[in-house]
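Report on the structure
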Amino acid sequence: PLVRTAADLASVDPVELRRLFGESTGDWLYAVGTGTLCEDVKVGYKPKSLSAFKSFKPCSNNDLETLGKWLGILADELVGRLKA
């Protein structure tokens, strides 16, 4: 089924959600869609993963020295976020 909104999700048969996503996740999705989820809001959780990226256009000036510089910048950015 095509699901774009909570109302779309609420209209999916919970049995179908369990079949597609497993019992626990299917039940959770149905509760979210119907507004019947009884979980406390979790505030201030730490992310499970962090990433940083930059896009490089293929050109001759993307040599190892330049890429090494950018790798250092990205690593510093990640370290800063890990310490936060």
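From a predicted model like this one, the values you see are computed outputs, not experimental measurements.

1. Thoughts on the confidence of the model for the protein
A residue-level look at the protein finds 90% of positions with pLDDT of 70 or above and a mean pLDDT of 84. In the model of the protein, helix H4 (residues 64–83) stands out as the element of lowest mean pLDDT, 83, in contrast to helix H2 (residues 14–21), which has the highest, 95.

2. Examining H2
Backbone nitrogen of Val15 and a side-chain oxygen of the N-cap are separated by 3.0 Å at the start of H2; the cap is Asp13. Immediately downstream of H2, the backbone of Gly22 shows phi near 90 degrees, a positive value.

3. Regarding the environment of Gly35
Within the secondary structure, Gly35 is located in the loop between helix H3 (23–34) and H4. The class for Gly35 is exposed, based on a relative accessible area of 62%. As for Gly35 and Ala6, which are separated by 29 residues in sequence, their C-alpha atoms are 8.5 Å apart.

4. Focus: the environment of Leu20
Here Leu20 shows up in helix H2. In this structure Leu20 comes out as partly exposed when scored by relative accessible area, which is 41%.

5. Some details on the packing of H2 against H3
For the pair H2 and H3, interaxial distance at closest approach is 7 Å and the crossing angle is 135 degrees. As judged from the angle between their axes, H2 and H3 are oblique. H2 and H3 meet at a crossing whose hand is right-handed. In this structure, H2 uses Pro14, Leu17, Arg18 and Phe21 to contact H3, whose residues at the interface are Glu23, Thr25, Gly26, Asp27, Leu29 and Tyr30. Residues belonging to the contact of H2 with H3 are distributed by class as follows: 5 nonpolar, 2 polar and 3 charged.

6. So, the pattern of salt bridges
Counting across every chain of the model gives 3 salt bridges. Residue Arg19 pairs with Glu16 through a salt bridge whose shortest N-O separation is 2.8 Å. Note that Arg19 and Glu16 are positioned in helix H2 at a spacing of 3 residues, about one turn of the helix. Ionic pairing is found between Glu77 and Arg81, a salt bridge with its closest N-O pair at 3.1 Å. On the criterion of helical spacing, the pair formed by Glu77 and Arg81 is a turn pair, its members being 4 residues apart in helix H4. A relative accessible area of 32% places Glu77 in the partly exposed class.

Basis of the calculations
Residues numbered from 1 in each chain as written. Predicted model: local features only at pLDDT ≥ 70, side-chain atom pairs only at ≥ 80, totals over all residues. Heavy atoms only, no water. pLDDT = per-residue confidence, 0-100. Helix = DSSP H or I, 4+ residues; strand = E, 2+ residues; numbered from the N terminus. Polar contact = N/O pair within 3.5 Å; in protein donor to acceptor, adjacent residues only side chain to side chain. Buried < 20%, exposed > 50% of the residue type's maximum accessible area, 1.4 Å probe, protein only. Axes fitted to C-alpha atoms, helices over the stretch in contact; angles between N-to-C directions. Parallel < 35°, antiparallel > 145°, perpendicular 65-115°, else oblique. Left-handed = near helix turned anticlockwise from the far one by under 90°. Contact = heavy atoms within 4.5 Å. Nonpolar A, V, L, I, M, F, W, Y, C, P; charged D, E, K, R; others polar. Salt bridge = Lys/Arg side-chain N within 4 Å of Asp/Glu carboxyl O.

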